[in-house]
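# Overview (structure and organization)
Here is what each chain is made of, one letter per residue.
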Amino acid sequence: MDTSAFLREQPVFAGFSPEKISEVIGASRIESFKRGDMIIAQGEPGWFLGLMLEGEAEAVMTDQLGERRRLGIVKPGGVVGEMSLMTGEPTFADVVALSPCRMMLIRQDVFTRHLTANPQAIRFLSKTIAGRFAEREKVQVEAARTGAAAQDPYGLDLRTREAMTLLVVNCGSSSLKYSFFDTADEQRRAEGQIERIGSESARHAFSGPKGASSQALGKMDHSGAMKALVAAITHPERGVLRDAGELSAVGHRVVHGGDRYSNAAVVDDDVLHAIEEAASLAPLHNPVNLLGIKAAMEVFPGVPNVAVFDTAFHARMPPSAFLYGLPYEYYERDRLRRYGFHGTSHKYVSLAAATFIGRRVGELKIISCHLGNGASVAAVDHGRSVDTSMGMTPVEGLIMGTRAGDVDAGLLVHIARREGLTPEQLDELLNKRSGLLGLSGVSSDMREVQKAAGEGHRRALLALKAFSYRVRKYIGAGLAAVGGLDALIFTGGIGEGSAEVRALATQGLAGVGISIDEEKNRGARLDRVRVADISGRDSKARVLVVHTDESRMIARETIRALGRDQVVSMIRGNATPIPIEVSAHHAHLSRGHVEALFGEGCALTVRGELSQPGQFACEETLNLVGPKGRVERVRILGPERKESQVEISMTEEYALGIHAPIRMSGDLEGTPGITLEGPKGTLVVGKGVILAQRHIHMSPEEALSFGLMDRDVVQVRVAGGRELVFGDVTVRVHPSFRLAMHIDTDEANAAEIKTGQLGALVALQHRRH
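Nothing here was measured: the structure is a model prediction, and the numbers come from that model.

This part takes up the overall build of the protein chain. Assigned secondary structure in the protein chain consists of 25 helices and 37 strands. Against the 2.2 N^0.38 benchmark of 27 Å for 769 residues, the protein chain shows a C-alpha radius of gyration of 28 Å, consistent with a compact globule. The principal-axis extents of the C-alpha atoms in the protein chain amount to approximately 75 × 70 × 55 Å. Looking at the protein chain residue by residue over its 769 residues, the buried ones come to 54%. For the protein chain, contacts bridging at least 24 residues in sequence account for 68% of all contacts bridging at least 6. Entry remark: accessible area of the protein chain is about 33,500 Å², with carbon and sulfur atoms responsible for 49%. For the protein chain, the distance from the average position of its 90 positive side-chain charges to the average position of its 94 negative side-chain charges is 2 Å.

Pasting the structure below:
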């Protein structure tokens, strides 16, 4: 078969030159399948677009009732996998060979770089995707359901369709730790540590699949340490690579990304400069993190480097959570605010817990307790950190090994004045002489403190109780922040290893739905599993012990950052303007609520069509009544919905006296209720009031042209009297959507924007989980 000739006849390659087709063939893979072979399994991550060259296959979906439904036959020229590439969801159907067949597997990066840049290919794929959307909705299976069933929906197992070799580097002031991952072979993992860098007695310990070694290095700086790392991983007998050029990417732990980075970033001059700028916020860490990056760029020329920031997961906390009660200019001028740390760990264990529970992380309320020598608690609402115990520095929050945690600032002033402490001495007191060590007088190691407490040491017992109480106190704060709880997670050395601390930290919380099974708690072991469930029988929330693996998470974030980088190039090359629409307060009502407010048998009256097909403004309005005040003449939008929902602005939230979360339409769990007042009646709804997340509606064709997926989060520049860039703009993709960005009246007024203005996509902020 002449593959090039066949491809020239296919709609997806219409308009491609012979040279371009050859380039795509060279970057793709052609695989043969026997009758009955599984080409794609339902629930797998979407790695590729498959184009059938010869033979036939059937697409079969298993619905939530366990019934198998045939969706169609894939014949030569047909494609598979496009829905997963479009939505970011795991594949929603099995594709099984009906006869011997050959399929061309086009990797996601090749798909993004070549096919989505071709208008004819986009039209063909958009038509196919629209049909698949209809197929999926016809059998009433949601993508969320498919995602929950997937074994690894968030890529924590580091599986990629094309093999990648990844190096993860954690560079400290006197040490360099590293891990090596091969996405094609989980057993081909290596790790090492070089200690005492800068001294006369640097030492290198390495372990890999072929054995371990330990070597004295003598005097060595960070550049020399990186060269020793290369020598270890390419060692002819014990190494994991033949040469350094085989490496796919290097991921670096970087402590502080300031408020600029909410995700990992491929390193370029701008990123290097940003890390350097943030050094004032992390003077002990960022400069040496930067040394590690530059040393890696020297020894791995041409290999992409990715910075993964500890602070990134917390970067989207609301201002009410990250601001200190200090004069505002300290934040505005110096960016002095709460940043939070351990973000890589909190994000990893949240995704691992969601996978274990079998629900999407984007619908869960989670409290994550990372308890180790450094310790913090994070409140995670719908996959997003909304508060955390650490602040501008890692000193704030929980009692730690040698860090004090929360201390009255006035007390520090008092101590400094009384003892004449310099800032440096005060810093040493808070970071090196406090915490478990300072309280117990025994050790900074919880194991030693527990041992001493068991032997009757009074101060050790006090330290243990104070540590556990502070954890319990922050669990309560997390409950208030997320407004409920689906999962409580313990992780880190203490969180995973101390049943006693877990028991003390959860005592007395049964009244808020948290209890543990003492036997399960004592028996929890994570040597063979990633997650252990220690929930009590009556616990409303799942209580989980989750093994954290920050190196694996950095590798995972590195893979995803490389994918985002390709999309950014596509966005910059697409000048399509985004129409802006200002969305005033409005309500969506269920049939029952329409009748309760406007009378039995009432049908909503169309006042005017909206920009999105099938949606309309109604003549009917209602009044909102809150604890503090009223908002009148709120227009109803049709058609009717299964659940009623009210969207207001932040100004109206204050006027009503309620606290509404920022949510996408339809995401109503944990939202406040309100009183609705209509001409024929009044009713109280228990939930449904939100501040609408700013978002862009796109058709599949429009999303493909930008290289975007459903639920991607982007940045949009809007010109005008006060030009600005909107961040945290969620992309929603559906065949019925028309291109438009929606912002609320507060945002529009602040930026002097009116409906009809145009915006421009400038960046992919982050890809969904």
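Next up on the list: the environment of histidine 342. Mapped onto the elements of the fold, histidine 342 is located in the loop between α11 (329-334) and α12 (343-357). Taking the C-alpha atoms as reference points, histidine 342 and glycine 681, 339 residues apart in sequence, are found 51 Å from one another. Excluding its chain neighbours within four sequence positions, the residues that come into contact with histidine 342 are Asp310, His314, His370, Gly374, Ala375, Ser376 and Met390. In this structure the side chain of histidine 342 is engaged in a polar contact, spanning 2.8 Å, whose partner is the side chain of serine 376.

On to the sheet that holds strand β13 (residues 211-218), then. The eight strands lie next to each other as β13-β12-β11-β10-β9-β14-β16-β15, forming an open sheet whose pairing is mixed. Strands with a single pairing partner mark the edges of an open sheet, and in this sheet they are β13 and β15 (265-266). Bridge count between strand β12 (residues 202-208) and β13: seven bridges; the pairing is antiparallel. Counted as the bridge partner of serine 207 is alanine 212 from β13. Each of β9 (165-171), β10 (175-182), β11 (190-195), β12 and β13 is contacted by helix α7 (residues 222-233), which is oriented at about 30° to β10, the strand it contacts most.

What follows deals with the packing of aromatic side chains. The geometry of two aromatic rings is summed up by the distance between their centres and the angle between their planes. A complete count under the given rule lists five aromatic pairs for this structure. Their ring planes at 80° and their centres at 5.3 Å tell us that phenylalanine 13 and phenylalanine 16 sit as a pair that is edge-to-face. Here tyrosine 261 and phenylalanine 309 contribute two aromatic rings whose centre-to-centre distance is 4.7 Å and whose plane-to-plane angle is 10°, an arrangement assigned as stacked. Residue tyrosine 261 is located in the loop between β14 (249-254) and β15, and its partner phenylalanine 309 is located in strand β16 (residues 305-309); the two are separated by 48 residues in the primary sequence. For the residue pair tyrosine 261 and phenylalanine 309, the accessibility class agrees, reading buried in each case.

A few words now on the environment of serine 28. Position of serine 28 among the secondary structure elements: in the loop between α2 (18-27) and β1 (29-33). Using a relative accessible area of 14% as the deciding quantity, one classes serine 28 as buried. For the pair formed by serine 28 and methionine 104, sequence separation is 76 residues and the distance between their alpha carbons is 6.9 Å. One polar contact links the side chain of serine 28 to the main-chain carbonyl oxygen of valine 24, over a distance of 2.8 Å.

This brings us to the environment of glycine 670. Tracing the chain through its elements places glycine 670 in the loop between β29 (662-663) and β30 (674-678). Through-space distance from the C-alpha of glycine 670 to that of glycine 686 is 9.6 Å; in sequence the pair is 16 residues apart.

A separate point is the pattern of salt bridges. Once their charged atoms are close, side chains differing in charge can pair, the charge on each being opposite to the other. A full pass over the atoms with the stated rule returns 40 salt bridges. Where arginine 552 meets aspartate 549, a salt bridge forms, and the shortest distance between an N and an O atom there is 3.4 Å. Aspartate 549 carries the same exposure label as arginine 552, and that label is buried. We note a salt bridge from glutamate 669 to lysine 687, for which the minimum N-O separation is 2.6 Å. Residue glutamate 669 is located in the loop between β29 and β30, and its partner lysine 687 is located in the loop between β31 (681-685) and β32 (689-692); the two are separated by 18 residues in the primary sequence. Its relative accessible area of 28% is what places lysine 687 among the partly exposed residues.

Another aspect to go through is the state of the cysteines. In total, this model carries zero disulfides according to the counting rule given. With no disulfide of its own, cysteine 618 lies 9.2 Å from the sulfur of cysteine 602, the closest cysteine sulfur.

What follows deals with the confidence of the model for the protein chain. Of the residues in the protein chain, 96% reach a pLDDT of 70 or more, and the chain-wide mean stands at 91. Here residues 140-149 is a poorly scored stretch, pLDDT under 50, and it has 20 contacts once near neighbours within four places are set aside; other chains count.

Take the nonpolar core next. Cys369, Leu371, Phe467, Ile475 and Leu488 are the most contacted members of the largest nonpolar core, which has 42 residues in total. Those elements that provide at least two residues to this core are β17 (365-371), β18 (375-381), α16 (446-454), α17 (458-482), β20 (487-491), α19 (499-506) and β22 (542-546). Per-element tally for this core: the top contributor is α17, with eight residues. Those residues in contact with leucine 371, other than ones at most four positions away along the chain, are Leu398, Phe467, Val471, Phe490, Thr491, Gly492, Gly493, Ile494, Gly495 and Val501.

For the rest of this paragraph, the subject is the packing of α17 against α19. Relative orientation of the contacting elements α17 and α19 amounts to 50°, with a least axis distance of 8 Å. The pairing of α17 with α19 is recorded here as oblique in orientation. The crossing of α17 and α19 is right-handed. From α17, Leu464, Phe467, Ser468, Val471, Arg472 and Ile475 reach across to α19, where they touch Glu500, Val501, Leu504 and Ala505. Here the contact of α17 with α19 is composed, by residue class, of seven nonpolar, one polar and two charged.

Moving on, we get to the sheet that holds strand β6 (residues 79-80). With respect to topology, four strands assemble into an open sheet ordered β1-β8-β3-β6, the strand pairing being antiparallel. The two strands at the open ends of the sheet, each matched to only one other strand, are β1 and β6. Relative to strand β8 (residues 101-107), β1 runs antiparallel, the two being bridged by five bridges. Considered in β8, the bridge of isoleucine 30 is made with methionine 104.

Criteria and thresholds
Throughout this description, residue numbers start from 1 for each chain and increase along the sequence as written. Restriction of local features to residues with pLDDT of at least 70 applies here, the model being predicted, together with a cutoff of 80 or more for giving and counting side-chain atom pairs; totals for whole chains, interfaces and linings are based on all residues. Hydrogens and water are ignored here; the side-chain numbers use all heavy atoms of the structure. Numbered from the N terminus, helices here are DSSP runs of H or I no shorter than four residues, and strands are runs of E no shorter than two. Our radius of gyration is a C-alpha quantity, and the globule rule it is checked against amounts to 2.2 Å times the number of residues to the power 0.38. Buried residues are those whose accessible area, probed at 1.4 Å on protein chains only, stays under 20% of the maximum for their type, while exposed residues exceed 50% and partly exposed ones sit between those limits. In what follows, a contact means two residues having at least one pair of non-hydrogen atoms within 4.5 Å. Calculation of accessible area relied on Shrake-Rupley with a 1.4 Å probe; when residues are assessed, cover is drawn exclusively from the protein chains displayed. Neither His nor the chain termini are counted; the positive set is Lys and Arg, and the negative set is Asp and Glu. A charge is said to be at NZ when it belongs to Lys, at CZ for Arg, at CG for Asp and at CD for Glu. N or O atoms within 3.5 Å of each other form a polar contact, as long as, within protein, one can give a hydrogen and the other can take it, and as long as residues adjacent in sequence are counted only when both atoms are side-chain atoms. Pairing between strands requires that DSSP locate at least two bridges from one strand to the other. Under this scheme, a helix contributes an axis fitted over its contacting stretch, all axes are lines through C-alpha atoms, and angles between N-to-C directions fall in the 0 to 180 degree range. Here a Phe, Tyr or Trp ring, Trp counted by its six-membered ring, pairs with any other such ring whose centre lies within 6.5 Å, and the pair is stacked when the planes are under 30 degrees apart, edge-to-face when over 60, and tilted otherwise. Salt bridge, as used here, is a side-chain nitrogen of Lys or Arg placed within 4 Å of a carboxyl oxygen of Asp or Glu. For this text, the term disulfide refers to a pair of cysteine sulfurs within 2.5 Å. pLDDT runs from 0 to 100 and stands for how confident the predictor is about each residue. Only buried residues count toward a nonpolar core, which is a set of Ala, Val, Leu, Ile, Met, Phe, Trp, Tyr and Cys residues joined through side-chain atoms within 4.5 Å. Here the angle decides the label: under 35 degrees means roughly parallel, over 145 means roughly antiparallel, 65 to 115 means roughly perpendicular, and every other value means oblique. The crossing is said to be left-handed when, going from far helix to near helix, the turn is anticlockwise and less than a right angle, and right-handed when the turn is clockwise. In this classification, Asp, Glu, Lys and Arg are treated as charged, Ala, Val, Leu, Ile, Met, Phe, Trp, Tyr, Cys and Pro as nonpolar, and every other residue, Gly included, as polar.

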